[in-house]
Amino acid sequence: MRILAPQQAIKLSVGAALATMAIKVAAWGLTGSVGFLSDALESSVNLAGALFALWMLRWAHEPADEQHPFGHGKAEYFSAIFEAGLISLAALAIIGAAGERLLHPRPIESLGLGTVFAVIASAVNLATARVLFASGRAHRSMALDADARHLMTDVWTTAGVIAGVGLAWATGWNWLDPLVAIAVALNILREGWRLIRASIDGLMDRAL
């Protein structure tokens, strides 16, 4: 697996977030699925998180000064906390949208092409996450690791959404689509909490 410099890796993540967001919005437009809408919302969170991580990485690599004699390396933990907060907000938005769709179910349309778009977006996220994981381990970067974990959450989210949309289309039970979206949102909240806890542990220098 190719190892990139931290800022290069995050720039790759920014590009991937832009690409996958466009693809998933197209999938939502084709199908009308709240599951695909939830996926598109998380991609917008990926973009915001990657941009903030890029800012924190630049700050983290600033040399030590009088006010920060040990350097600025812990700025990366703020990036992870910020990204976890965005993940949690996106999850709450997904739950709200899915709740409305549970009350007012709508049939799924154009499943085939929408699913193809979602799979393409997921493949982009998976490839990017693997690069981020490898680069994060090589550079011991919390920001890269957090962004990689967020992207992997997106990959599993897409898998869950495709399963929910497929079941709703095959059975005619349109309530399955928002139900799976809510399950996805709960998983996103869990991942957000794990990132917050790991970041706080790092800031507090908790022993392994």
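Worth saying up front: this structure is predicted, and the values here are computed from it rather than measured. (Residues numbered from 1 in each chain as written. Predicted model: local features only at pLDDT ≥ 70, side-chain atom pairs only at ≥ 80, totals over all residues. Heavy atoms only, no water.)

1. As for the overall build of the chain
Part 1 of the reasoning: The helix and strand tally for the chain stands at six helices and zero strands.
Part 2 of the reasoning: When the elements of the chain are put in sequence order from the N terminus, they spell out α-α-α-α-α-α.
Part 3 of the reasoning: Buried residues in the chain amount to 46% of all 208 residues.
Part 4 of the reasoning: For the chain, the proportion of contacts with a sequence separation of at least 24, taken over those separated by at least 6, is 80%.
Part 5 of the reasoning: Surface exposure of the chain reaches about 10,200 Å², of which carbon and sulfur atoms provide 68%. (Helix = DSSP H or I, 4+ residues; strand = E, 2+ residues; numbered from the N terminus. Buried < 20%, exposed > 50% of the residue type's maximum accessible area, 1.4 Å probe, protein only. Contact = heavy atoms within 4.5 Å. Areas by Shrake-Rupley, 256 points an atom, 1.4 Å probe, with all protein chains shown as cover.)

2. Brief notes about the side chain of Thr 20
Part 1 of the reasoning: Relative to the helices and strands, Thr 20 is located in helix H1 (residues 6-31).
Part 2 of the reasoning: The exposure class of Thr 20 is buried, given its relative accessible area of 0%.
Part 3 of the reasoning: Setting aside its immediate chain neighbours within four residues, Thr 20 contacts Ser 43, Ala 121, Val 124 and Asn 125.

3. Quick notes on the packing of aromatic side chains
Aromatic rings in a pair are described by how distant their centres are and how their planes are angled relative to each other.
Part 1 of the reasoning: Under the criterion given, the structure shown has three aromatic pairs.
Part 2 of the reasoning: Chaining the aromatic ring pairs together yields one cluster made of Phe 52, Trp 55 and Phe 82. (Phe/Tyr/Trp six-rings, centres within 6.5 Å; stacked < 30°, edge-to-face > 60°.)

4. Concerning the environment of Leu 151
Part 1 of the reasoning: One can find Leu 151 in helix H5 (residues 142-171).
Part 2 of the reasoning: Between the alpha carbons of Leu 151 and Ala 16 there is a distance of 9.7 Å; along the sequence they are 135 residues apart.
Part 3 of the reasoning: When residues no more than four places from it in sequence are discounted, the contact partners of Leu 151 are Ser 13, Asn 46, Asn 125, Thr 128, Ala 129 and Leu 132.

5. Quick word on the nonpolar core
Part 1 of the reasoning: Formed by 23 residues in total, the largest nonpolar core has its most connected members in Phe 36 and Ile 188.
Part 2 of the reasoning: Of all the elements in the fold, those that place two or more residues in this core are helix H2 (34-60), helix H3 (75-103), H5 and helix H6 (176-203).
Part 3 of the reasoning: Here this core takes eight residues from H3, the largest share from any one element.
Part 4 of the reasoning: Discounting residues that sit within four places of it in the chain, Phe 36 has contacts with Lys 24, Ala 27, Trp 28, Thr 31, Gly 114, Thr 115, Ala 118, Val 161, Ile 162 and Val 165.
Part 5 of the reasoning: Ala 143, Ala 148, Leu 151 and Val 155 belong to the second-largest nonpolar core, a separate cluster that totals 15 residues. (Core = buried A, V, L, I, M, F, W, Y, C linked by side-chain atoms within 4.5 Å.)

6. Let's talk about the side chain of Ser 135
Part 1 of the reasoning: Position of Ser 135 relative to the elements: it lies in helix H4 (residues 111-139).
Part 2 of the reasoning: On the basis of relative accessible area, Ser 135 is assigned to the buried category, the value being 0%.
Part 3 of the reasoning: A polar atom in the side chain of Ser 135 sits 2.9 Å from the backbone nitrogen of Leu 4.
Part 4 of the reasoning: The residues touching Ser 135, leaving out its near neighbours within four places in the chain, are Arg 2, Ile 3, Leu 4, Ala 9 and Leu 144. (Polar contact = N/O pair within 3.5 Å; in protein donor to acceptor, adjacent residues only side chain to side chain.)

7. A word on unusual backbone geometry
Part 1 of the reasoning: The backbone of Arg 140 shows a phi angle near 50 degrees, a positive value even though the residue is not glycine.
Part 2 of the reasoning: Among the secondary structure elements, Arg 140 is positioned in the loop between H4 and H5.

8. With respect to the confidence of the model for the chain
Part 1 of the reasoning: Confidence along the chain averages 79 in pLDDT terms, with 87% of residues attaining 70 or more.
Part 2 of the reasoning: Averaged pLDDT values over the elements of the chain bottom out at 77 in H2 and peak at 87 in H4. (pLDDT = per-residue confidence, 0-100.)

9. Observations regarding the packing of H1 against H5
The description of two helices packed together rests on the angle between their axes and the distance between the axes.
Part 1 of the reasoning: With their axes 11 Å apart at the nearest point, H1 and H5 run at an angle of 20 degrees to one another. The angle between the axes of H1 and H5 places the two elements in the roughly parallel class. The way H1 lies across H5 gives a crossing that is left-handed. Along the contact surface, H1 presents Pro 6, Ala 9, Ile 10, Ser 13 and Lys 24, while H5 presents Leu 144, Asp 147, Leu 151, Asp 154 and Thr 158.
Part 2 of the reasoning: The residue inventory of the contact of H1 with H5, partitioned by class, reads five nonpolar, two polar and three charged. (Axes fitted to C-alpha atoms, helices over the stretch in contact; angles between N-to-C directions. Parallel < 35°, antiparallel > 145°, perpendicular 65-115°, else oblique. Left-handed = near helix turned anticlockwise from the far one by under 90°. Nonpolar A, V, L, I, M, F, W, Y, C, P; charged D, E, K, R; others polar.)

10. Looking at a nonpolar patch on the surface
Part 1 of the reasoning: Together, Leu 102, Trp 173, Trp 175 and Leu 179 make up an exposed nonpolar region whose accessible area comes to about 400 Å².
Part 2 of the reasoning: One can find Leu 102 in helix H3. (Patch = residues over 30% accessible without salt bridge, like charges linked within 9 Å, V, L, I, M, F, W, Y side chains within 5 Å. Salt bridge = Lys/Arg side-chain N within 4 Å of Asp/Glu carboxyl O.)

11. Some thoughts on the environment of Ala 22
Part 1 of the reasoning: Within the fold, Ala 22 resides in helix H1.
Part 2 of the reasoning: For the pair Ala 22 and Ser 43, spaced 21 residues apart in sequence, the C-alpha to C-alpha distance is 8.9 Å.

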